[in-house]
Amino acid sequence: MEQKLIAIDLDGTTLNENSQITPKTKEVLTKATAAGHIVSIVTGRPNRISENYYDFLGLKSPMINFNGAVGHIPHQTWDKEYALTFNRDIAFEILAAKEQLGIKVVAAEGKNMALADVPNTVIDDFFPVTLKANEVLNRINLQENPSAMTMLVDKLQLLKTVSALEENFGDKINVGVWGGPNPILELLPKGVDKAHGVKFLADTFKIDRKNILAFGDEHNDAEMIDYAGWGVVMQNGTEQLKALANDITPLTNKEDGLAHYLEEYLKLA
């Protein structure tokens, strides 16, 4: 079998309902790597809360974070790594208009940066529960352009907030709405998505598009699933994403759906 680039989303895909990688999933991904395939995590998560999964899987491949905005090899300097950003003045403008926009928490992040304006306990890990003085989002601490911003907003004003952000900054950023119960918005540099990260990986390792195998479950996986030569959506994925898929796993992320599908597809059993 030709070498495959296997791009795996984390939440709802590689991770089970407890945000864990099961022994079965680790076993299959390890076998895939041993068989000569390239397994890469492609996630919306920051590297600060995804490197633990990378290490658990024992990966050595590049990882894509912030839905395509950052590509790097964890724990080392890599001459091909990249970080796409947008102007930090956008963060300051949003911060100044926070109340009018219906925003409760604002966070700005990069590969080595995580700042928030106030602590929050709504979503574990994504927003800090406590903040040190040098972790507060302000003009003193935000000295570099961010790769992403994440915001907890008023659910009743969600559509209004999205509209205002797109009207004011739409030529510079993408505005994404998270799936799930919490009204979370994410800002990325204009034109950046997971497909950008996957194309970068494929070009780096000289993998033909037809040999890209991608797994996802949510709206932020759409471009990646569409770009891959073989896009696979989890049984627990959204109906909109399933419409883009080449195939759908028979099992959910709670049932090791990715592992069982990959084991059969690559004939690893």
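Residues numbered from 1 in each chain as written. Predicted model: local features only at pLDDT ≥ 70, side-chain atom pairs only at ≥ 80, totals over all residues. Heavy atoms only, no water.

Draft legend 1. Region of the structure containing the nonpolar core. In this structure, Ile6, Ile8, Ile41, Phe215 and Leu262 are the most contacted members of the largest nonpolar core, which totals 48 residues. Examining the composition of this core, we find that five residues originate from one element, helix 7 (residues 194–205), more than from any other. For Phe215, the residues in contact, after removing those within four places along its chain, are Ile6, Ala7, Ile8, Asp9, Thr13, Met224, Ile225, Val232, Thr249, Leu258, Tyr261 and Leu262. If you look at the next biggest cluster of nonpolar residues, it comprises 25 residues, including Ile90, Val106, Leu142 and Val175. (Core = buried A, V, L, I, M, F, W, Y, C linked by side-chain atoms within 4.5 Å. Buried < 20%, exposed > 50% of the residue type's maximum accessible area, 1.4 Å probe, protein only. Helix = DSSP H or I, 4+ residues; strand = E, 2+ residues; numbered from the N terminus. Contact = heavy atoms within 4.5 Å.)

Draft legend 2. Spatial organisation of unusual backbone geometry. At Asn67, a residue that is not glycine, the phi angle is positive and equals roughly 55°. By secondary structure assignment, the location of Asn67 is in the loop between strand 3 (63–65) and strand 4 (70–72). Within the chain, Lys267 stands out as a residue other than glycine whose phi angle is a positive 55°. Summarising the element assignment, Lys267 is placed in the segment after helix 10 (257–265).

Draft legend 3. Geometry of the packing of aromatic side chains. On inspection of all chains with the given rule, the structure shows five aromatic pairs. Here the aromatic rings of Trp78 and Phe200 are separated by 5.7 Å at their centres, their planes lie at 70°, and the arrangement is edge-to-face. Linking Trp78 in the loop between strand 4 and strand 5 (82–83) with Phe200 in helix 7, this pair joins segments that are 122 residues apart in sequence. In terms of burial, Trp78 and Phe200 fall into one category: buried. (Phe/Tyr/Trp six-rings, centres within 6.5 Å; stacked < 30°, edge-to-face > 60°.)

Draft legend 4. Molecular detail of the layout of surface pockets. Each pocket or cavity is described by its volume, and for the largest pocket that value is around 890 Å³. Lining the largest pocket we find 37 residues, and of these Asp11, Trp178, Gly179, Glu218 and Asn220 sit closest to its centre. Counting only elements with at least two residues in the lining of the largest pocket, the list comes to helix 1 (10–14), strand 9 (173–177) and strand 10 (184–189). In terms of residues, the lining of the largest pocket owes the most to one element, strand 9, which gives four residues. Looking at the lining of the largest pocket residue by residue, the classes come out as nine nonpolar, 15 polar and 13 charged. (1 Å grid on protein atoms, 1.4 Å probe; cavity = no way out; pocket = protein on both sides within 12 Å on 5 of 7 lines; lining within 4 Å. Points joined across faces, edges and corners; volume = space filled by probe spheres on them. Nonpolar A, V, L, I, M, F, W, Y, C, P; charged D, E, K, R; others polar.)

Draft legend 5. Broad picture of the sheet that holds strand 1 (residues 5–8). An order of 2-1-11-12-13 is seen for the five strands of this open sheet, with the pairing classed as parallel. Edge positions in the sheet fall to strand 2 (38–41) and strand 13 (247–248), since each has one partner strand and no second. The pairing of strand 12 (residues 230–233) with strand 13 spans two bridges and is parallel. Residue pairing across strands places Val233 opposite Ile248, the latter belonging to strand 13. On the sheet, helix 7 packs against strand 1, strand 2 and strand 11 (212–216) and is oriented at approximately 155° with respect to strand 1. Across the sheet, helix 10 lies against strand 1, strand 11, strand 12 and strand 13, angled at about 160° from strand 11, the strand it touches most. (Pairing = 2+ DSSP bridges. Axes fitted to C-alpha atoms, helices over the stretch in contact; angles between N-to-C directions.)

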